[in-house]
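Summary of structural features
Each chain, letter by letter, is given below.
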Amino acid sequence: MNIQIIVGSIREGRVAIKVAEWLHKEINKLEFNTLNVEIVDLKEWDLPFFAGKNSPASGIYDQPKQQEWAKKVASGDAFIFITPEYNHGYSPVLKNAIDYVYKEWQSKPAAFVSYGGTNGSRSIDQIKQVCAFIGMVDSNAVIEIRDIGQRGKAEIFKGNEFDQKAVKSVVNKLIQYANV
């Protein structure tokens, strides 16, 4: 099973990449021999704002970057979206990445990791609505990271006991929903 950890922030000094690296290590510690876990960093993908003439729901991908992104998303069996909370919502770069393609997300389970105001709960509420609309499966797997202001300053993010416990639950739920 291929799990993609989608890093939904591109800002300088972002915490999301630190959280993604921590999450990747924690999942690998679980020693699931059937998992391939990959960090997909939207900063590296540098997707321009979608401006194509065809709606992604049409399945007509006429832009080279859109075609590449479709292949990347299609190669994932499940997704963990990491997003900061910006103004009570999730990041615009993540919204753009989701909106870039359509059918490649469908019927695949999603989990969510967030931080910021209210520990990211409002951003998770919003992204769940979008994911449900495009046909993703809500695994009900969530990690809301507390105290990110302090914990995010370190060179390497370290989850606390609650975060670490939640990782196993996230992975188990993704496996459960991917095999439905």
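These figures come from a predicted structure and were not determined experimentally.

Here strand β1 (residues 2–7) pairs with strand β2 (residues 36–41) via six bridges, running parallel. Looking across to β2, one finds that Val7 is bridged to Asp41. Between the parallel pair β1 and β2, the chain is carried across by helix α1 (residues 16–29), and the sense of this crossover is right-handed.

A positive phi angle, close to 70°, is found at His88, a residue other than glycine. Here His88 shows up in the loop between β3 (78–84) and α4 (92–99). Of the residues examined, His88 reaches a relative accessible area of 44% and is grouped as partly exposed. Phi is positive for Asn140, close to 60°, though the residue is something other than glycine. For Asn140, the location among the structural elements is in strand β5 (residues 137–145).

Here the focus is the confidence of the model for the protein. Overall, the predicted model of the protein reaches an average pLDDT of 92, with 99% of residues at or above 70. Mean pLDDT per element in the protein: helix α6 (residues 148–151) is the minimum at 75, and β1 is the maximum at 98.

Turning our attention to the nonpolar core. Within the largest apolar cluster, 30 residues are counted, with the highest numbers of intra-cluster contacts made by Val19, Leu23, Ile27, Ile80 and Ile82. Broken down by element, this core gets its largest block of residues, seven residues, from α1. Residues within four places of Val19 in sequence aside, it is in contact with Ile82, Val113, Tyr115, Ile145 and Phe157. With 27 residues, the next largest nonpolar core counts Tyr61, Val101, Phe112 and Ile134 among its residues.

Reading the values: rules and limits
Residues numbered from 1 in each chain as written. Predicted model: local features only at pLDDT ≥ 70, side-chain atom pairs only at ≥ 80, totals over all residues. Heavy atoms only, no water. Pairing = 2+ DSSP bridges. Helix = DSSP H or I, 4+ residues; strand = E, 2+ residues; numbered from the N terminus. Right-handed = clockwise from strand over helix to strand, strands pointing away. Buried < 20%, exposed > 50% of the residue type's maximum accessible area, 1.4 Å probe, protein only. pLDDT = per-residue confidence, 0-100. Core = buried A, V, L, I, M, F, W, Y, C linked by side-chain atoms within 4.5 Å. Contact = heavy atoms within 4.5 Å.

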